[in-house]
Amino acid sequence: MEKIISNIDLHAQIQWVIAIILSILVIATTTFWICNKLKPSKLVNEMTLRTKSWWGMCFIFLFASTVNPIITYIGLAFLSFFTLREVYTLLKLRDSDRSTLLVCYLSIPIQYYFAYKGWYTMFLIFIPVFMFVIIPFLLVLSGDTKDIIRSMCILPTSLMLGVFGISHLALLISFPEMNEGNISGKALLLFLIFITEANDIMQFVFGKIFGKHKILPKVSPNKTWEGFIGGVISTTIIGYYMGFLTPLNSWQLILASFCIAILGFMGDAIISAVKRDFGVKDMGDSIPGHGGFLDRIDSLSTTSSPFFHLIYFMVIV
Amino acid sequence: MKKLILIIIYTIFWRNFLKIIIGLKYYNQQVLRKKKPFILIANHNSHMDTMAIMSSMPSRYIHRVHPVAAEDFFGGSRFKEILMRYMVNATLIPRKRANSDEDIDPIEVMSNLLKKGRSIIIYPEGSRGVPGVMTDFKKGIGYLVKQNPTVDVIPVYLDGLHKTLPKGKNLILPYNCRIIFGESINFDSFDLKGIINSAEKAIHKVKSLVE
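Residues numbered from 1 in each chain as written. Chains lettered and ligands numbered in written order. Predicted model: local features only at pLDDT ≥ 70, side-chain atom pairs only at ≥ 80, totals over all residues.

**A word on the packing of helix H6 (residues 140-147) of chain B against helix H8 (residues 192-209) of chain B**
Helix packing for two helices is described by the angle between their axes and how far apart those axes are. All names here are of chain B. As a packed pair, H6 and H8 sit with axes 8 Å apart at the nearest point and diverge in direction by 110°. It follows from the interaxial angle that H6 and H8 lie roughly perpendicular. Residues Ile141, Gly142, Val145 and Lys146 of H6 touch H8, and the partners they reach there are Leu192, Ile195, Ile196 and Ala199. For the contact of H6 with H8, the per-class residue count stands at six nonpolar, one polar and one charged. (Axes fitted to C-alpha atoms, helices over the stretch in contact; angles between N-to-C directions. Helix = DSSP H or I, 4+ residues; strand = E, 2+ residues; numbered from the N terminus. Parallel < 35°, antiparallel > 145°, perpendicular 65-115°, else oblique. Contact = placed C-beta atoms within 7 Å. Nonpolar A, V, L, I, M, F, W, Y, C, P; charged D, E, K, R; others polar.)

Structure representation (structure tokens):
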């Protein structure tokens, strides 16, 4: 027990951000509570539910990221696992894909082990190169060629979305060069998650308030140009002021947060399109108010690996 | 001793395994709180069905709940029988009704269990059938309820478990699935047809509870 907890060492900056997050949550909760007392509506109800879930997610994240690095890796691996499970539940896969599915699930611990060890090259090639060949071959071995192309495409893509992207969060805290001198992987992780989620919320808020012109009318009727532009601008500003978590200078910060905002939007749009194809509103019902796991981390799965390599390029190389 | 084994297997191992790894969600579990004996009826598509139902039983009376299994399929060898008796707490019955006095009558066996204050789990469809499809109920449930009109009948709908372990496969895979319990059935009439019809309707009603 001593060993597990002894690792709590928070930089002053991280403590600041935690304080900011908690105060935002407190403000949101009280605001929606007052709104509900004054004028109850469906929107307020949904927001209350969402805020409640944010509390839960926030505490789980803080617990997982501050107590012990091992717990962080296990927690992130489970996040990947739940995401994959959600996707495979909705996909109508063939019975002959089952053994290959097991291999897909088993790739999660391997990928996170590479992340834990910080083996950069192995980490990078395992899913896009190795699994990309292994999965189609295993499908061939099962002997059922009807609709095999569908499974061949779906399974590697699901790994890229659910495992490869998210595992970069784990690599951030284990990568040796990311934890030297004034750079802290944990602070970078917090920055990435904070900005990505802030972007989600900002796009949602601007869309709800000013939204008029639909940006993707056929895919997601809730996304508007006003929400997108407002979200990108406000996210860039937030990122600029949260810069004390990173070793970046001002223009790098603006570029990084701008990229996160755009990429977050892309991830959101991709998953929206997938959901439209499945004919469902949400991926699952695991997080009240938000939907499934993939509904919440859709933008994280696309922002994390570009952010990692952006930092790698700007700071280390 | 048997109770302890069952608690370790189901309440500790299977419940957590099903919840965390498989992704099973329990709905309306509170209908099981009453300690009265009951007949639990469920749709049947996979061997995981029994694991899911047994894992949702409260630990204080799990040893008094018996899944009913067909003798010809689950019996056969001594090893299998012991496994079924101690690991699953199952009661084995023959598939056919008795023709002469010497044969064991399946309905009789179940009725005796209920009279002793035991609860039973039965799958009125008779077998696992086609994945994801509910077939018509066999007559067994009708005879059983007719003979024991005072016993509670709890309908349960199992959703998606056939994907975790389909018939004919032996690899258990995670899939989000659900087990939904319903309130005990009020039968309007106690003739064979009426019982079977209202039992079928009850399970369909439970299915629509969470959709």
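**Some words on the packing of helix H8 (residues 185-210) of chain A against helix H9 (residues 225-241) of chain A**
All names here are of chain A. Interaxial distance between H8 and H9 falls to 7 Å at its minimum, and their mutual angle equals 140°. On the basis of the axis angle, H8 is oblique to H9. Judged by the sense of rotation from one axis to the other, the crossing of H8 with H9 is right-handed. Within the contact between the two elements, H8 uses Ile195, Ala198, Asn199, Met202, Gln203, Phe204, Phe206, Gly207 and Phe210 and H9 uses Glu226, Gly227, Phe228, Gly230, Gly231, Ser234, Thr235, Ile238 and Gly239. (Left-handed = near helix turned anticlockwise from the far one by under 90°.)

**Notes on the interface of chain B and chain A**
Contact with chain B, which involves eight residues of that partner, is made by 11 residues of chain A. Considering only residue class, the side of chain B that touches chain A consists of five nonpolar, two polar and one charged.

**Details of helix H5 (residues 106-115) of chain B**
Residues three or four positions apart in an α-helix share a direction because the helix packs 3.6 residues into each turn. Residue and element names in this part refer to chain B. For H5, the set of buried residues is Pro106, Met110 and Leu113. Viewed along the axis of H5, the buried residues span an arc of 55°, placing them on a single side of the element. Summarising the geometry of H5, the exposed residues directed more than 90 degrees from the buried face are Asn112 and Lys115. Gly117, located one to two residues past H5, shows a positive phi value of around 85°. (Buried ≥ 20, exposed ≤ 12 C-beta atoms within 10 Å, placed from the backbone. Arc of directions from axis to C-beta.)

**A short note on the environment of B:Glu81**
Residues and elements named next belong to chain B. Mapped onto the secondary structure, Glu81 falls in helix H4 (residues 78-87). As a C-alpha pair, Glu81 and Leu113 span 32 residues in sequence and 18 Å in three-dimensional space. Discounting residues that sit within four places of it in the chain, Glu81 has contacts with Gly75 and Leu92.

**Things to note about the nonpolar core**
Grouped together as the largest cluster of nonpolar side chains are 124 residues, with contacts concentrated most on A:Ala170, B:Leu40, B:Ile41, B:Ala52, B:Ile141, B:Val156 and B:Ala199. Here this core takes 11 residues from H8(A), the largest share from any one element. Each of domain 2 (81-174) and domain 3 (180-317) of chain A contributes no fewer than three residues to this core. Not counting residues within four places of it along the chain, the set of residues in contact with B:Val156 comprises B:Leu40, B:Ile41, B:Ala42, B:Ile53, B:Ile179, B:Ile180, B:Phe181, B:Gly182 and B:Val206. (Core = buried A, V, L, I, M, F, W, Y, C linked by C-beta atoms within 7 Å. Domains from an automatic or database assignment.)

**Observations regarding the domain arrangement of chain A**
Residues and elements named next belong to chain A. Partitioning chain A into domains gives domain 1 (1-67), domain 2 (81-174) and domain 3 (180-317). Computed over C-alpha atoms only, the centres of domain 2 and domain 3 are separated by 24 Å. Domain 2 puts 15 residues into the contact, and the matching count from domain 3 is 19 residues. Its residues assigned to classes, the side of domain 2 that touches domain 3 shows 10 nonpolar, four polar and one charged.

**Observations regarding the confidence of the model for chain B**
Residues with a pLDDT of 70 or more make up 98% of chain B, whose mean pLDDT is 85. Across the assembled chains, the prediction reports ipTM 0.86 with pTM 0.89. (pLDDT = per-residue confidence, 0-100.)

**Some thoughts on the pairing of strand E3 (residues 65-70) of chain B**
All names here are of chain B. Here three bridges tie E3 to strand E5 (residues 119-122), and the two strands are oriented parallel to one another. Following the sheet pairing, Val65 is matched in E5 by Ser119. Two strands pair when backbone bridges link them, and E3 and strand E4 (residues 91-93) are joined in this way by three bridges, in the parallel orientation. If you follow Ala69 over to E4, its bridge partner there is Leu92. (Pairing = 2+ DSSP bridges.)

**Overview of the environment of A:Gly264**
Residues and elements named next belong to chain A. Position of Gly264 among the secondary structure elements: in helix H10 (residues 250-278). Each C-alpha atom, one on Gly264 and one on Thr31, is 26 Å from the other, the two residues being 233 residues apart in sequence. Excluding its chain neighbours within four sequence positions, the residues that come into contact with Gly264 are Thr196, Asn199, Asp200, Ser299, Thr302 and Thr303.

**Some details on the confidence of the model for chain A**
Residues and elements named next belong to chain A. In this model, chain A carries a mean pLDDT of 87, and residues with pLDDT of at least 70 account for 96%. Taking the mean pLDDT of every element in chain A, the minimum, 50, falls on helix H1 (residues 2-5) and the maximum, 94, on helix H5 (residues 98-117). This stretch, residues 4-8, has a pLDDT under 50; its non-local contacts, to residues over four places away or in other chains, come to eight contacts.

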